[in-house]
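Chain residues, written in single-letter form:
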Amino acid sequence: GFNGHQFNMRTRGLNSALFWGAQMGAAWWFGRLLDARSSPVSRAQRGLFVVIASLTVSLGLALWANYRGSCHPGRGWDKDMPCKLDVAMDFPMAGG
């Protein structure tokens, strides 16, 4: 998969932990939103709006990162062309 090709063992573990934490936060937030005391129609409309907005933002950011990124811009991620990800070189402000 993507993680096995682009990251080492420590960064794969960090990615997995952050992804798991994001899933827990999103589940809590969706639960609060959809279990609120209001009419079923209102809850359904809010839920639909949140799902569509989340998918739109997620897809938009993925497309932007794919075509504007520093790793083979415009061609996307490919297993035959792995990128050397280096935070210090790719993002000079993060390198200290």
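Residues numbered from 1 in each chain as written. Predicted model: local features only at pLDDT ≥ 70, side-chain atom pairs only at ≥ 80, totals over all residues. Heavy atoms only, no water.

### Section: the overall build of the protein chain
So, step 1. What the protein chain contains, in helices and strands, is 4 helices and 0 strands.
So, step 2. Taken from the N to the C terminus, the helices and strands of the protein chain come in the order α-α-α-α.
So, step 3. Residues classed as buried in the protein chain amount to 7% of the 96 residues present.
So, step 4. About 8,000 Å² of surface is accessible on the protein chain, with carbon and sulfur atoms providing 66% of the total. (Helix = DSSP H or I, 4+ residues; strand = E, 2+ residues; numbered from the N terminus. Buried < 20%, exposed > 50% of the residue type's maximum accessible area, 1.4 Å probe, protein only. Areas by Shrake-Rupley, 256 points an atom, 1.4 Å probe, with all protein chains shown as cover.)

### A short note on the packing of aromatic side chains
So, step 1. Using the criterion set out here, one finds 1 aromatic pair in the structure.
So, step 2. Seen in terms of ring centroids, Trp 29 and Phe 30 are 5.5 Å apart; in terms of plane orientation they differ by 70°. Their pairing is edge-to-face.
So, step 3. In this structure Phe 30 comes out as partly exposed when scored by relative accessible area, which is 26%. (Phe/Tyr/Trp six-rings, centres within 6.5 Å; stacked < 30°, edge-to-face > 60°.)

### A closer look at the confidence of the model for the protein chain
So, step 1. Averaged over every residue, the pLDDT of the protein chain is 77; the share at 70 or more is 65%.
So, step 2. The element-level mean pLDDT for the protein chain is lowest in helix H4 (residues 87–90), coming to 57, with helix H2 (residues 9–34) highest at 88. (pLDDT = per-residue confidence, 0-100.)

### Re a nonpolar patch on the surface
So, step 1. A contiguous nonpolar patch, built from Leu 59, Leu 63 and Tyr 67 and spanning about 330 Å² of accessible area, is present on the exposed surface.
So, step 2. As for its placement among the helices and strands, Tyr 67 is situated in helix H3 (residues 40–68). (Patch = residues over 30% accessible without salt bridge, like charges linked within 9 Å, V, L, I, M, F, W, Y side chains within 5 Å. Salt bridge = Lys/Arg side-chain N within 4 Å of Asp/Glu carboxyl O.)

### Topic: the packing of H2 against H3
So, step 1. It is at 9 Å that the axes of H2 and H3 come closest, and there the two elements cross at 150°. What the angle tells us is that H2 and H3 run roughly antiparallel. Along its contact with H2, which presents Trp 29, Phe 30, Leu 33 and Leu 34, the element H3 presents Arg 43, Arg 46, Gly 47, Val 50 and Val 51.
So, step 2. Split by residue class, the contact of H2 with H3 holds 6 nonpolar, 1 polar and 2 charged. (Axes fitted to C-alpha atoms, helices over the stretch in contact; angles between N-to-C directions. Parallel < 35°, antiparallel > 145°, perpendicular 65-115°, else oblique. Contact = heavy atoms within 4.5 Å. Nonpolar A, V, L, I, M, F, W, Y, C, P; charged D, E, K, R; others polar.)

### Some thoughts on the environment of Leu 34
So, step 1. Position of Leu 34 relative to the elements: it lies in helix H2.
So, step 2. Distance from Leu 34 to Gln 45, taken between C-alpha atoms, is 9.8 Å for residues 11 residues apart in sequence.
So, step 3. In this view, Leu 34 contacts Arg 43 and Gly 47; residues no more than four positions away in its chain are not counted.

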